[in-house]
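# Report on the structure
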Amino acid sequence: MSQSIELSLEQKFSIRSFENQVEKMSREQAQHFLVQLYEQMMVRETMYKHFLKQEWGLETGPRF
């Protein structure tokens, strides 16, 4: 994956560790894990959008 933002050394280490864990998974485990990861990414994206709407005053409901 080509990225314009450089990852920290800790993030690179985390990716390598993650890679080692994935290599030990069965195909079924990896497929299940990917679906869970994708769901988490979607939830995170939705949360970011919600927070940005709140921060920018684009929410239609009351702000707390």
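For the structure itself, consult the block above.
Report follows, based on the coordinates. Throughout this description, residue numbers start from 1 for each chain and increase along the sequence as written. Selection of residues for local features in this predicted model requires a pLDDT of at least 70, selection of side-chain atom pairs for listing and counting requires 80 or more, and totals for whole chains, interfaces and linings are taken over all residues. Hydrogens and waters are ignored; side-chain quantities use all the structure's heavy atoms.

Moving on, we get to the overall build of the protein. Each helix and strand in the protein was counted, giving 2 helices and 0 strands. Within the protein, the proportion of its 64 residues that are buried is 0%. Working note: accessible area of the protein is about 6600 Å², and carbon and sulfur atoms make up 59% of it. In this description a helix means any DSSP run of H or I spanning at least four residues, a strand means any run of E spanning at least two, and both kinds are numbered starting from the N terminus. When a residue's accessible area, from a 1.4 Å probe over protein chains only, is under 20% of the maximum for its type it is buried; when over 50% it is exposed; and in between it is partly exposed. Each accessible area value is a Shrake-Rupley result obtained with a 1.4 Å probe; residue values ignore everything except the protein chains displayed when judging cover.

A few words now on the pattern of salt bridges. The salt bridge criterion pairs a side-chain nitrogen of Lys or Arg with a carboxyl oxygen of Asp or Glu, the two atoms within 4 Å. Tallied over the full model, the rule gives 3 salt bridges. Lys-12 is the partner of Glu-6 in a salt bridge, and the nearest nitrogen-oxygen pair spans 2.6 Å.

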